[in-house]
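Notes for the structure review
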Protein chains: 2
Amino acid sequence: MNTSEFRRRGKEMVDYVADYMEGIEGRQVYPDVEPGYLRPLIPDSAPQEPDTFEDIINDIEKIIMPGAASPACTELETVMMDWLGKMLELPKAFLTENAGEGGGVIQGSASEATLVALLAARTKAIHRLQAASPELTQAAIMEKLVAYSSDQAHSSVERAGLIGGVKLKAIPSDGNFAMRASALQEALERDRAAGLIPFFVVATLGTTTCCSFDNLLEVGPICNKEDMWLHVDAAYAGSAFICPEFRHLLNGVEFADSFNFNPHKWLLVNFDCSAMWVKKRSDLTGAFRLDPTYLKHSHQDSGLITDYRHWQIPLGRRFRSLKMWFVFRMYGVKGLQAYIRKHVQLSHEFESLVLQDPRFEICAEVTLGLVCFRLKGSNKVNEALLQRINSAKKIHLVPCHLRDKFVLRFAICSRTVESAHVQRAWEHIKELADDVLRAERE
Amino acid sequence: MNTSEFRRRGKEMVDYVADYMEGIEGRQVYPDVEPGYLRPLIPDSAPQEPDTFEDIINDIEKIIMPGAASPACTELETVMMDWLGKMLELPKAFLTENAGEGGGVIQGSASEATLVALLAARTKAIHRLQAASPELTQAAIMEKLVAYSSDQAHSSVERAGLIGGVKLKAIPSDGNFAMRASALQEALERDRAAGLIPFFVVATLGTTTCCSFDNLLEVGPICNKEDMWLHVDAAYAGSAFICPEFRHLLNGVEFADSFNFNPHKWLLVNFDCSAMWVKKRSDLTGAFRLDPTYLKHSHQDSGLITDYRHWQIPLGRRFRSLKMWFVFRMYGVKGLQAYIRKHVQLSHEFESLVLQDPRFEICAEVTLGLVCFRLKGSNKVNEALLQRINSAKKIHLVPCHLRDKFVLRFAICSRTVESAHVQRAWEHIKELADDVLRAERE
């Protein structure tokens, strides 16, 4: 949608809201629909080609408004999570349709998804161990529980361990910054020998530092065999898996118990919207379920409805699936794929510019929209370069450490980015590098 | 703001956003301002009388846009939490101004606030006990930690205990559904004698069931004396404390370590916006702080800025303080007080209608906007009445249990509610009660 259509549609929406407020007393306080009303009214997957804004607004009045906030909010979320799961070709076990045991939920952030997965895994492990040895206390078990992630995993994984009150160990990644079977296996053996109980593994697809990928096809079978919950965190990279040429990066997700990525990062859905799927809904609800009278309702145990409050940390919920519905329909799957492809192409364009300048090096394989690069030479000179770049305020880079190297990260992430921006940014970086290297020689 | 002004202002905002998008390349990617820039630019408390929409929009361009998302998002939040804290006459220790140790943060829900408080308390207790007895493991301590709340507390408190992996015990409330010193003291003595370690108490001001108030003036000193973290949850009732005549209900908050209420419930700020204050910021950051390179920044240890990511479960944040800024200025403190007073007056109006009908009884003291009532008689007849009310779909009531009584809850909560609505609702309830009682006799 260009800005001129945005102006027109935005103003129509303002009138829609005002009309709603003026007419609110004419509406019922509670909808007439029955649980499950929504799914039959909309297609079972996202459109390939864009729908018009008109179509979507008409559906709002026809499909959403009669279902009011509840159950429409819940039911649209369930169906949108199925749509998105199918866009990624997630295994059927993660979908809700066909009355499977799995399903999706919108969380606020990948941090919350990791925490929710860890808490569910913790409860499951405690129940399993107490079933075998009823004399074990929860605390005695928790003292021995140990979770794992790669040393490249996001800090939110360590934080989930802190909050959950369990040990989290970092598995040394390989030369490509990936977690591999051998290193994990080694840690498991060492920890089991020390009397610990491995219960949870976070595999990262697309690390924050350099967009590296843990080896799911190696790690997954180990988790299944050793009865450890496998959570796959693809916060940034997940959006790319809607393109068939990148889908192989998700291979091995069939071994996972839970999977998460953030459509708010790279799929044009505004913050916040973090998409999480589990293979067994009852693993989540088992960890969190409490039912006071004021939250009971007549469809409680019907199996027809999803009580998302048992799937998450907060109790209240926003109607975030509307954002997904609008974006998926306004772009169509093809439009979203084209958007991802353009960003990846631009990052490769930047990569090739860097490679043409012998003063620079690429520090990690460029797979999606992130390019890790640096001046050949000391960390100090790279820190000086970063400082000049960010002080000039024409572009903004966030650095990282890869092993002991200070590295600059060029991320393609704006909705409107074009080749010209990338070219201009590179010219700018080169000029500042000239200055830094000249200053160093002086 | 009436709907006709809403139409005009809403459309201006659409144009503002479109202009921003069209002109974005002319803006700097990173602001020029220094940390702490914002506070001196705005008043140190909320206006008593309403500001105009024009004034606020002008301030957006002048004060917020130069500070972009960061640091404006953080700094406005800190100042708004001070504004709101002053509206409630919170003790100075909870405010950020004057470089105190306390401060406020916006959470998504009261559930999150309770969890964050419990986790901070848990970390603090573990550190204290390990300092005294370094041989104690975290798990050995957690096994003994015990938290308390009234048997009327919201289910999210029990949930926080589950997530935090600590025991939570319900203290029997008194005849007014309030937690009192004697019952708490009794539990403490019994649990200490059993070798447990009391560390955390949640006191509720305005319970979900019947808007009862735990006795803070009794419970607070016990918590302080016994070195237990006191968290005060006033999710619903907190908004009323901006009125001097209701402020006494908050007396005793000076004993608390953390305090929370939801402006999204009753202070006209859209969902979600849950306001939480702590007396010592370092208690929160101590529980959650992790600093990977990609999240480091040059003002890290300057003491000048607030890293809210250490105060909450998620990492990402939305710019929710803008909602507070707009609401506080558009209504002014007096306008917000008038809004609260009107609701309380209407709930007393409903109460007196109920009292005039000898078939009904009031089940708990009416203090704010909630009236708990029922037909004198069996739970069955009241369940039948509720069923008729909610099936008719003219009004919607959520029930509760008070001890073994099934109770109907009439909540005044709409922005546009008037006396006529209350009168009409009561006529409707009486008619349905006639039907229910007639059906019972037949």
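Remember, predicted model here, so these are calculated numbers, not experimental data.

When its secondary structure is counted, chain A shows 13 helices and 11 strands. The globule rule puts the C-alpha radius of gyration for 442 residues at 22 Å, and the 24 Å found for chain A is close to it. Seen through its principal axes, chain A has C-alpha atoms that stretch 75 × 65 × 35 Å. The burial tally for chain A puts 57% of its 442 residues in the buried class. When contacts within chain A are restricted to residue pairs at least 6 apart in sequence, those whose partners lie at least 24 apart make up 72%. Total accessible area on chain A is roughly 18000 Å²; 53% of this is exposed by carbon and sulfur atoms.

With that out of the way, let us pick up the relation of the copies chain A and chain B. Structural alignment of chain A on chain B gives an RMSD of 0.0 Å, achieved by rotating through 180 degrees and translating 0.0 Å along the axis. Both chain copies can therefore be described as sitting about a two-fold axis. When you check the interface residues of chain A against chain B, 100% turn up at the interface there too, and the contact is symmetric in its surfaces.

All names here are of chain B. Read from one edge to the other, the open sheet built from 7 strands follows the order β1-β7-β6-β5-β4-β2-β3, with strand pairing classed as mixed. The two strands at the open ends of the sheet, each matched to only one other strand, are β1 (103-107) and β3 (167-171). Direction aside, the axes of adjacent strands within the sheet are offset by 20 degrees on average. Two elements, β1 and strand β7 (residues 274-278), share 5 bridges in a ladder whose sense is antiparallel. When the sheet's bridge partners are listed, Gln 107 is paired in β7 with Ser 274. Each of β1, β6 (258-261) and β7 is contacted by helix α3 (residues 72-87), which is oriented at about 85 degrees to β7, the strand it contacts most. In this fold helix α7 (residues 181-193) packs onto β2 (145-150), β3 and β4 (197-204), with an angle of close to 160 degrees to the strand it touches most, β2.

Residue and element names in this part refer to chain A. If you check UniProt for "modified residue: N6-(pyridoxal phosphate)lysine" (unreviewed entry), the listed places come out as Lys 265 in our numbering. Relative to the helices and strands, Lys 265 is located in helix α9 (residues 263-266). Accessibility expressed as a relative area gives 42% for Lys 265, which makes it partly exposed. With residues up to four places along the chain from it excluded, the contact list for Lys 265 reads Ala 235 and Tyr 236.

The next subject is the packing of helix α11 (residues 321-355) of chain B against helix α13 (residues 419-441) of chain B. Residues and elements named next belong to chain B. Orientation of α11 relative to α13, taken along the N-to-C sense of each, is 30 degrees, at an axis distance of 10 Å. One way to sum up the angle between α11 and α13 is to call them roughly parallel. Regarding α11 and α13, the two cross each other, and that crossing is right-handed. Contact residues: Leu 346, Glu 349, Phe 350, Leu 353 and Val 354 in α11; Ser 419, Val 422, Gln 423, Trp 426 and Ile 429 in α13. Class assignment for the residues of the contact of α11 with α13 results in 7 nonpolar, 2 polar and 1 charged.

What follows concerns the packing of aromatic side chains. Here a ring pair, both rings aromatic, is described through the centre-centre distance and the interplanar angle of the planes. Per the stated rule, a full pass over the model turns up 24 aromatic pairs over all chains. A ring pair is formed by B:Phe259 and B:Trp277, whose centres lie 5.8 Å apart and whose planes are at 25 degrees; its orientation type is stacked. Pair noted here: B:Phe259 is in strand β6 and B:Trp277 is in strand β7, with a separation of 18 residues, a long-range link. In this pair, the class of B:Phe259 matches that of B:Trp277, namely buried. Members of the aromatic cluster, each reached through a chain of ring pairs, are A:Phe350, A:Phe360, A:Phe373, A:Phe410 and A:Trp426. Sitting over the face of the ring of A:Trp325, A:Arg329 holds its NZ or CZ atom 5.0 Å from the ring centroid.

Turning next to the packing of helix α1 (residues 3-22) of chain A against helix α2 (residues 53-64) of chain A. Residue and element names in this part refer to chain A. One can describe the packing of α1 onto α2 by two numbers: an axis separation of 12 Å at closest approach and a directional angle of 15 degrees. Here α2 runs roughly parallel to α1, going by the angle between their axes. Taken as a pair, α1 and α2 cross one another with a handedness that is right-handed. Where α1 approaches α2, its residues Glu 5, Arg 9, Met 13 and Tyr 16 are matched on the opposing element by Phe 53, Glu 54, Ile 57, Ile 60 and Glu 61. Of the residues that constitute the contact of α1 with α2, the class distribution is 5 nonpolar, no polar and 4 charged.

If you look at the interface, chain A gives 69 residues, while chain B gives 70 residues. Both sides of the chain A and chain B interface together cover about 5900 Å² of buried area, and 61% of this is carbon and sulfur. A:Glu22 is the salt-bridge partner of B:Arg7, the closest N and O atoms lying 2.8 Å from each other. Inspection of the chain A/chain B interface yields 30 residue pairs in polar contact (both at pLDDT 80 or more). Counting residues per element, the side of chain A that touches chain B draws most heavily on α1(A), at 12 residues.

Let us look at the domain arrangement of chain A. Residues and elements named next belong to chain A. Assigned domains within chain A: domain 1 (71-318) and domain 2 (341-440). Centre-to-centre separation of domain 1 and domain 2, based on C-alpha positions: 33 Å. Domain 1 puts 21 residues into the contact, and the matching count from domain 2 is 17 residues. Taken as a group, Phe 177, Thr 209 and Trp 266 account for 34% of the area that domain 1 buries against domain 2, more than any other trio of residues on that side. Joining domain 1 to domain 2, the criterion identifies 2 salt bridges. Residue Asp 151 pairs with Arg 403 through a salt bridge whose shortest N-O separation is 3.7 Å.

This brings us to the sheet that holds strand β10 (residues 398-402) of chain B. Residues and elements named next belong to chain B. With antiparallel pairing, the 4 strands of this open sheet are ordered in space as β8-β9-β11-β10. The open sheet has two edge strands, β8 (360-362) and β10, and neither has a second partner. With direction set aside, neighbouring strand axes in the sheet form an average angle of 40 degrees. Here β8 runs beside strand β9 (residues 370-375); their pairing, made up of 3 bridges, is antiparallel. By the bridge assignment, Phe 360 is partnered in β9 with Leu 375. Helix-sheet contacts for α11 involve β8, β9 and β11 (405-411), and the interaxial angle to β9 is about 15 degrees. The strands that α13 touches are β8, β9 and β11; relative to β9, the one it contacts most, it runs at about 20 degrees.

With an omega of 10 degrees, the peptide bond running from A:Ser70 to A:Pro71 counts as cis. By secondary structure assignment, the location of A:Pro71 is in the loop between α2 and α3 (72-87). The residue after B:Phe271, namely B:Asp272, is reached through a cis peptide bond having omega 0 degrees. Mapped onto the elements of the fold, B:Asp272 is located in the loop between α9 (263-266) and β7. Phi is positive for A:Ala68, close to 45 degrees, though the residue is something other than glycine. For A:Ala68, the location among the structural elements is in the loop between α2 and α3. Take A:Ala68: its relative accessible area is 34%, and that puts it in the partly exposed class.

Quick notes on the rules
- Residues numbered from 1 in each chain as written.
- Chains lettered and ligands numbered in written order.
- Predicted model: local features only at pLDDT ≥ 70, side-chain atom pairs only at ≥ 80, totals over all residues.
- Heavy atoms only, no water.
- Helix = DSSP H or I, 4+ residues; strand = E, 2+ residues; numbered from the N terminus.
- Rg over C-alpha atoms; globule rule 2.2 N^0.38 Å.
- Buried < 20%, exposed > 50% of the residue type's maximum accessible area, 1.4 Å probe, protein only.
- Contact = heavy atoms within 4.5 Å.
- Areas by Shrake-Rupley, 256 points an atom, 1.4 Å probe, with all protein chains shown as cover.
- Least-squares fit on C-alpha atoms with pLDDT ≥ 70 in both.
- Pairing = 2+ DSSP bridges.
- Axes fitted to C-alpha atoms, helices over the stretch in contact; angles between N-to-C directions.
- UniProt positions renumbered as here; feature names shortened; annotations may be inferred.
- Parallel < 35°, antiparallel > 145°, perpendicular 65-115°, else oblique.
- Left-handed = near helix turned anticlockwise from the far one by under 90°.
- Nonpolar A, V, L, I, M, F, W, Y, C, P; charged D, E, K, R; others polar.
- Phe/Tyr/Trp six-rings, centres within 6.5 Å; stacked < 30°, edge-to-face > 60°.
- Lys NZ or Arg CZ within 6 Å of the ring centre and 35° of its normal.
- Buried area = accessible area lost by both parts, 1.4 Å probe.
- Salt bridge = Lys/Arg side-chain N within 4 Å of Asp/Glu carboxyl O.
- Polar contact = N/O pair within 3.5 Å; in protein donor to acceptor, adjacent residues only side chain to side chain.
- Domains from an automatic or database assignment.

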